[in-house]
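# Fold and contact review
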Amino acid sequence: MCFGRCARCIGYKLLILALLSIVANILLYFPNGETRFASEHHLGKYVECLHGILGGGFLVLIPAAVFIGLHNDDCCGCFGHEDCGKSCAMLSSVLAAFVGILGSGYCIIISALGLSHGPYCFTHLERNWIYPFTESSGGYLFEYNKWSECQEPQNIVQWNVTLFSILLVLGGIEFILCFIQIINGILGGLCGLCCSHEETYVC
């Protein structure tokens, strides 16, 4: 098995997931495609945590770039031993994977808190902007009849639940892939890259 080739495969997957996380987080800022709620500061506190843009996005793009570059590493290695240099590169990818673990972990935690806390909305009962589902500890997710309590933004519960759930799943997949690369990087560093120009591998 080629550790470098698999690192590259993981890198491309992380690249796609990170871009999707950024898009999903941006959409959270514009319920129903409207910008006025952001400009009027009527967004939930967990929406503004940048967990998809910073955590599941840019902090995951860093290891993605490192992993993709591993396969094309042509360094001559230490003391002229190419495998040694590439093994060091694989071990250094473990550090990049930890950055991805931190970013995706942050995305998972904030997404879970956002789902549990519920949206920030204007209710017809209180006639004010509040968090109507805070005390339910996520129970509102299964009480669809209560979702109509939020008058503005329209369909904000569905909007938040959908996007926070997507970010939760994306963060979870990113976390797993980075964890796999930690194992892959350690094995690749200890065993040395086994690829040669004459060999063909499938990840």
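Position numbers for residues count from 1 along each chain, tracking the sequence in the order it is written. Under the rules for a predicted model, residues below a pLDDT of 70 receive no local features and side-chain atom pairs below 80 are neither given nor counted, while totals for whole chains, interfaces and linings still include all residues. The side-chain figures draw on all heavy atoms in the structure; neither hydrogens nor water molecules are used.

## Some words on the packing of aromatic side chains
- For Phe, Tyr and Trp, rings pair up if their centres lie within 6.5 Å, where Trp contributes its six-membered ring, and each pair is then called stacked (planes under 30 degrees apart), edge-to-face (over 60) or tilted (otherwise). Applying the stated rule across the entire model yields six aromatic pairs.
- Ring geometry for Tyr 144 and Trp 147: centres 5.1 Å apart, planes at 80 degrees, overall edge-to-face.
- Connected via pairs of aromatic rings, a cluster forms that spans Phe 37, Tyr 120, Phe 122, Trp 129 and Tyr 131.

## Overview of the nonpolar core
- To define a nonpolar core, start from buried Ala, Val, Leu, Ile, Met, Phe, Trp, Tyr and Cys residues and group those joined through side-chain atoms within 4.5 Å. Working definition: with a 1.4 Å probe on protein chains only, accessible area under 20% of the residue-type maximum means buried, over 50% means exposed, and in between means partly exposed. Of all hydrophobic cores here, the largest spans 25 residues; its most connected members are Leu 28, Leu 43, Val 47, Tyr 140, Cys 150, Val 157 and Phe 164.
- Working definition: helices are DSSP H or I runs of at least four residues, strands are E runs of at least two. Numbering for both runs from the N terminus. Of all the secondary structure elements, the ones that give two or more residues to this core are α1 (3-28), α2 (36-39), α4 (82-117), β1 (121-123) and α5 (156-191).
- Among the elements that make up this core, the one with the highest residue count is α5 (six residues).
- We call two residues contacting when some pair of their heavy atoms lies within 4.5 Å. With residues near it in sequence (within four places) discarded, Leu 28 still touches Leu 43, Val 47, His 51, Trp 159, Asn 160, Leu 163, Phe 164 and Leu 167.

## Thoughts on the confidence of the model for the protein chain
- Residues of the protein chain with pLDDT of at least 70 account for 84%, and the chain-wide mean is 84.
- For every residue, the predictor reports its confidence as pLDDT, a number between 0 and 100. Below a pLDDT of 50 lies the segment residues 73-81, which in the model reaches twelve contacts outside its immediate sequence neighbourhood of four places, other chains included.
- Within the model, pLDDT remains below 50 along residues 193-203, and this stretch shows 19 contacts once partners closer than five positions in the same chain are excluded.

## Focus on the state of the cysteines
- For the purposes of this analysis, a disulfide is any pair of cysteine sulfur atoms at a distance within 2.5 Å. Applying the stated criterion to the full structure yields one disulfide.
- A sulfur-sulfur separation of 1.9 Å characterises the disulfide bridge that pairs Cys 121 with Cys 150. Sign of the S-S torsion, about -55 degrees for the bond between Cys 121 and Cys 150, identifies this disulfide as left-handed. Of this pair, Cys 121 sits in strand β1 while Cys 150 sits in strand β3 (residues 150-152); the two residues are 29 residues apart in sequence, bridging distant segments of the chain. Each member of the pair, Cys 121 together with Cys 150, is buried.

## Looking at the packing of α1 against α5
- Helix axes use the C-alpha atoms of the stretch in contact, all axes being lines fitted to C-alpha atoms, and the angles between their N-to-C directions lie in the range 0 to 180 degrees. Interhelical geometry of α1 versus α5 gives an angle of 160 degrees and a closest axis separation of 9 Å. As the angle between them shows, α1 and α5 are arranged roughly antiparallel. The handedness of the crossing between α1 and α5 comes out as left-handed.
- Tallied by class, residues from the contact of α1 with α5 come to 23 nonpolar, six polar and two charged. For classification, angles of less than 35 degrees are called roughly parallel, those exceeding 145 degrees roughly antiparallel, those between 65 and 115 degrees roughly perpendicular, and all remaining angles oblique. In this scheme, a crossing is called left-handed if the near helix is turned counterclockwise away from the far one by less than a right angle; it is called right-handed if the turn is clockwise. Three residue categories are used. Nonpolar comprises Ala, Val, Leu, Ile, Met, Phe, Trp, Tyr, Cys and Pro, charged comprises Asp, Glu, Lys and Arg, and polar comprises the others, including Gly.

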